[in-house]
Amino acid sequence: MSNRKYFFGLIFIFMLVAGCKSENKGVSQMPLISKDLGVGPWQVVTYDDKKIYHETLVLDGRSVTTRSESVYINNSSQFVYRDGTPILTYDGKYIYWNKDGWVINRHLQIVREDQVFVVEGKPMPVRTAMKLRDYHKGSRAVTLAGTDIGE
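Residues numbered from 1 in each chain as written. Predicted model: local features only at pLDDT ≥ 70, side-chain atom pairs only at ≥ 80, totals over all residues. Heavy atoms only, no water.

(A) Molecular detail of the overall build of the protein chain. What the protein chain contains, in helices and strands, is one helix and 10 strands. The order of helices and strands in the protein chain, counted from the N terminus, is α-β-β-β-β-β-β-β-β-β-β. Residues counted as buried form 26% of the 151 residues belonging to the protein chain. Of the contacts made within the protein chain by residues no fewer than 6 positions apart, 53% connect residues no fewer than 24 positions apart. Counting only carbon and sulfur atoms, one obtains 56% of the accessible surface of the protein chain, whose full area is about 10600 Å². (Helix = DSSP H or I, 4+ residues; strand = E, 2+ residues; numbered from the N terminus. Buried < 20%, exposed > 50% of the residue type's maximum accessible area, 1.4 Å probe, protein only. Contact = heavy atoms within 4.5 Å. Areas by Shrake-Rupley, 256 points an atom, 1.4 Å probe, with all protein chains shown as cover.)

Written as structure tokens, this is what we have:
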């Protein structure tokens, strides 16, 4: 009976160690944005020109509010807010855009878009095509409430 427990214990440990090893074969570490594009950041939108947001919860005294901020990308292919502050996943990992169009973290793990981005008040569907807003256009002269300056 003791040998049986020892054997099953070894199998359990082997399975645990094998399950923890995550080799993300096929996930590129090459950035989507090249350094020669400029300084940035540039706003990221869907192909339908719908703005992409990142929402966070803010504790304000006794109330909890949702803060939505537009998603941008810098010249290192890192998703950031307009001021350059990095956008993090719910577990505190930085996210990037790789050359294959995947949202990834530093460990080359794919991050599902619906876990970090919002479009029109709903989680962004997985594999939604994204693009940079035309950064050659001039800024608007007038801004509207809820719209970022310079869009």
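The rest of the description comes next.
(B) Up close: the pairing of strand 2 (residues 52-60). Both strand 2 and strand 8 (residues 118-119) contribute to a ladder of two bridges, which runs antiparallel. Counterpart to Tyr53 in the pairing with strand 8 is Val118. Two elements, strand 2 and strand 3 (residues 63-70), share eight bridges in a ladder whose sense is antiparallel. Bridge pairing in strand 3 places Leu59 opposite Val64. (Pairing = 2+ DSSP bridges.)

(C) Representation of the side chain of Thr46 in the model. Residue placement: Thr46 occurs in strand 1 (residues 42-46). The buried category is assigned to Thr46, whose relative accessible area is 5%. When residues no more than four places from it in sequence are discounted, the contact partners of Thr46 are Ile52, Val119, Thr128, Ala129, Met130 and Lys131.

(D) Just the sheet that holds strand 3, in detail. Strand order in the open sheet formed by four strands is 3-2-8-9, and the pairing between neighbours is antiparallel. The open sheet has two edge strands with one neighbour each: strand 3 and strand 9 (122-123). When strand 8 meets strand 9, the two strands line up antiparallel, connected through two bridges. Pairing of Val118 across the sheet is with Pro123, part of strand 9.

(E) Up close: the side chain of Asn74. Its location among the elements puts Asn74 in the loop between strand 4 (72-73) and strand 5 (79-80). A distance of 2.9 Å separates the side chain of Asn74 from the backbone nitrogen of Ser76, its partner in a polar contact. Polar contacts involving the side chain of Asn74 include one to the main-chain amide nitrogen of Gln78, which spans 3.0 Å. Not counting chain neighbours up to four residues away, the residues in contact with Asn74 comprise Ile33, Pro41, Trp42 and Val80. (Polar contact = N/O pair within 3.5 Å; in protein donor to acceptor, adjacent residues only side chain to side chain.)

(F) Local environment of the sheet that holds strand 5. As summarised here, the arrangement of the four strands in space is 5-4-1-10, forming an open sheet in which the pairing is antiparallel. Every interior strand has two partners, whereas the edge strands, strand 5 and strand 10 (130-132), have only one. Direction of pairing for strand 4 relative to strand 5: antiparallel, over a ladder of two bridges. Considered in strand 5, the bridge of Tyr72 is made with Val80.

(G) View of the nonpolar core. One finds Val44, Ile52, Phe79, Ile95, Phe117 and Met130 to be the most contacted residues of the largest nonpolar core, which totals 18 residues. Those elements that place two or more of their residues in this core are strand 1 and strand 6 (95-97). The residues touching Met130, leaving out its near neighbours within four places in the chain, are Val44, Val45, Thr46, Tyr47, Ile52, Phe79, Trp97, Val103, Phe117 and Met124. (Core = buried A, V, L, I, M, F, W, Y, C linked by side-chain atoms within 4.5 Å.)

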